[in-house]
Amino acid sequence: MSSTELPGVRAATAAVAPKVATVRVAEGEELRSVTLPGLTLNVRSRPPARSGLPHALYVHGLGGSSLNWSALMPLLEDVVDGEALDLPGFGDSPPPDDGNYSLTGHARAVIRFLDAAGNGPVHLIGNSLGGAVSTRVAAVRPDLVRTLTLISPALPELRVQRSAVPTALLALPGVVSLFTRLTKEWSAEQRTRGVLELCYGDPTRVTDEALRNAVEEMERRIQLPYFWDAMARSARGIVDAYTLGGQHGLWRQAERVLAPTLLVYGGRDQLVAYRMARKAAAAFRDSRLLTLPDAGHVAMMEYPETVALAIRELLDDCGGS
């Protein structure tokens, strides 16, 4: 099922967007905009340590952006030529022209980007929603994926954790409007601290500088007229994908992935259950598993050195390119 339009979406996205702050660029990073038919994607990259390195693509999770990879990317710049994209409607990428925020829509955006770049097969790295998207890409276009790294991938669970229910509820009609009314007095810092409490295994690990940067990014995002629409309809896309069976089901697609796969799960993840690690390791035919008992939902931000080491080992075992 594809996500359906919310009332007033066309009018909201057609309106002139207010001026918002520019997206943050970490030291050594570069941003560029890639325009495809019906789609514009913001892409974050770092110059590789040398020419000729294999390409890697990083795909963020629900509510995230390419900024989520800023801690990991420099740790791998000597082994891959890495790029991180903002999925349509997230980060600095505008909504897609067709309004499709389904899992298939996001996967199609990644495929179109890779096809246009002509850099495949790539080392594909995804977190949460980006992990589900990357799984689908690897299943339907194995020619584009050399290795697959999934960090807390949003794959279907029969028993969803109670702490993940509020996020899933964003998919229900009217919930976003209700939530925005109830939280209209919340400051950007309050919203940011709430996200950190949900996503980090230990939020105290977040430095003061990282918190300031996250608050600034939250301030920027909530000024975007399509922010909540993209969140709600992408959440609906995940829920829709969870209900699919047959060859389009995510677990069935996981079984079809040919690429060597690294799975990373956090023991304190409040959004993707730690218990799903064993099922995922059995589903992907050529998999290895890294479990981090103290990590939450974004291990690449909490323990970037450990995740980078595991990715390096994966690449080494696969010949690096």
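The structure contained in this document is the topic of the report that follows. Note on numbering: residues in each chain are counted from 1, in written sequence order. Thresholds applied to this predicted model are a pLDDT of at least 70 for local features of residues and 80 or more for the giving and counting of side-chain atom pairs; totals over whole chains, interfaces and linings are not thresholded and use all residues. The side-chain numbers reported here are obtained from all heavy atoms of the structure, hydrogens and water having been left aside.

## A short note on the overall build of the protein chain
Part 1 of the reasoning: Scanning the protein chain from terminus to terminus reveals 13 helices and eight strands.
Part 2 of the reasoning: If you take every contact in the protein chain between residues at least 6 apart in sequence, the share linking residues at least 24 apart comes to 76%.
Part 3 of the reasoning: For accessible areas, the Shrake-Rupley method is used with a probe of radius 1.4 Å. Any residue's cover is judged against the shown protein chains and nothing else. For the protein chain, the exposed surface amounts to about 14300 Å²; the carbon and sulfur share of it is 54%. Secondary structure follows DSSP: runs of H or I at least 4 residues long count as helices, runs of E at least 2 residues long count as strands, and numbering of each begins at the N terminus. Note on contacts: a residue pair is in contact if any heavy atoms of the two residues lie within 4.5 Å.

## Observations concerning the sheet that holds strand β7 (residues 261–266)
Part 1 of the reasoning: Strand order in the open sheet formed by eight strands is β1-β2-β4-β3-β5-β6-β7-β8, and the pairing between neighbours is mixed. Looking at the sheet topology across the chains shown, the edges are occupied by β1 (30–36) and β8 (287–292). Recorded for the sheet is a direction-independent mean angle of 20° between the axes of neighbouring strands.
Part 2 of the reasoning: Pairing between strands requires that DSSP locate at least two bridges from one strand to the other. As judged from the six bridges shared by β7 and β8, these two strands associate in the parallel manner. Counterpart to Leu263 in the pairing with β8 is Leu289.
Part 3 of the reasoning: Of the strands in this sheet, β3 (55–59), β5 (122–127) and β6 (145–151) touch helix α4 (residues 129–140), which is tilted by about 145° from β5. Only the stretch in contact is used when fitting a helix axis, every axis being a line fitted to C-alpha atoms; angles between N-to-C directions are given from 0 to 180 degrees.

## As for unusual backbone geometry
Part 1 of the reasoning: Even without a glycine there, the phi angle at Ser128 is positive, about 55°.
Part 2 of the reasoning: By the element assignment, Ser128 lies in the loop between β5 and α4.
Part 3 of the reasoning: Phi at Ser152 is positive, roughly 45°, even though this residue is not glycine.
Part 4 of the reasoning: Position of Ser152 relative to the elements: it lies in the loop between β6 and α5 (165–169).
Part 5 of the reasoning: The exposure class of Ser152 is buried, given its relative accessible area of 1%. Relative accessibility thresholds used throughout: buried, under 20% of the residue-type maximum; exposed, over 50%; partly exposed, between the two (1.4 Å probe, protein chains only).

## Looking at the packing of helix α7 (residues 188–199) against helix α8 (residues 208–221)
Part 1 of the reasoning: For the pair α7 and α8, interaxial distance at closest approach is 9 Å and the crossing angle is 115°. As judged from the angle between their axes, α7 and α8 are roughly perpendicular. Of the two possible hands of crossing, α7 and α8 adopt the one that is right-handed. Taken together, the residues of α8 that come into contact with α7 (itself represented by Ala188, Glu189, Arg191, Thr192, Arg193, Val195 and Leu196) are Leu211, Ala214, Val215, Met218 and Glu219.
Part 2 of the reasoning: Here the residues of the contact of α7 with α8 sort into seven nonpolar, one polar and four charged. Any angle from 65 to 115 degrees is called roughly perpendicular, while one under 35 is roughly parallel, one over 145 is roughly antiparallel, and all others are oblique. Handedness of each helix crossing follows the sense of rotation of the near helix against the far helix: counterclockwise by less than a right angle gives left-handed, clockwise gives right-handed. By the convention adopted, Pro, Cys, Tyr, Trp, Phe, Met, Ile, Leu, Val and Ala count as nonpolar, Lys, Arg, Asp and Glu as charged, and the other residues, Gly among them, as polar.

## Thoughts on the nonpolar core
Part 1 of the reasoning: Buried residues of nine kinds, namely Ala, Val, Leu, Ile, Met, Phe, Trp, Tyr and Cys, make up a nonpolar core once their side-chain atoms join them within 4.5 Å. Counting residues in each nonpolar core, the largest one holds 53 residues, and the members touching the most others are Leu57 and Phe284.
Part 2 of the reasoning: Per element, the largest residue contribution to this core is seven residues, and it comes from helix α3 (residues 103–117).
Part 3 of the reasoning: Once residues lying within four places of it in the same chain are set aside, the contact partners of Leu57 are Glu83, Leu85, Val110, Phe113, Leu114, Val122, His123, Leu124 and Ile125.
Part 4 of the reasoning: In terms of nonpolar packing, the next biggest core, distinct from the first, is built from 35 residues, Leu72, Ala299, Met300 and Tyr303 among them.

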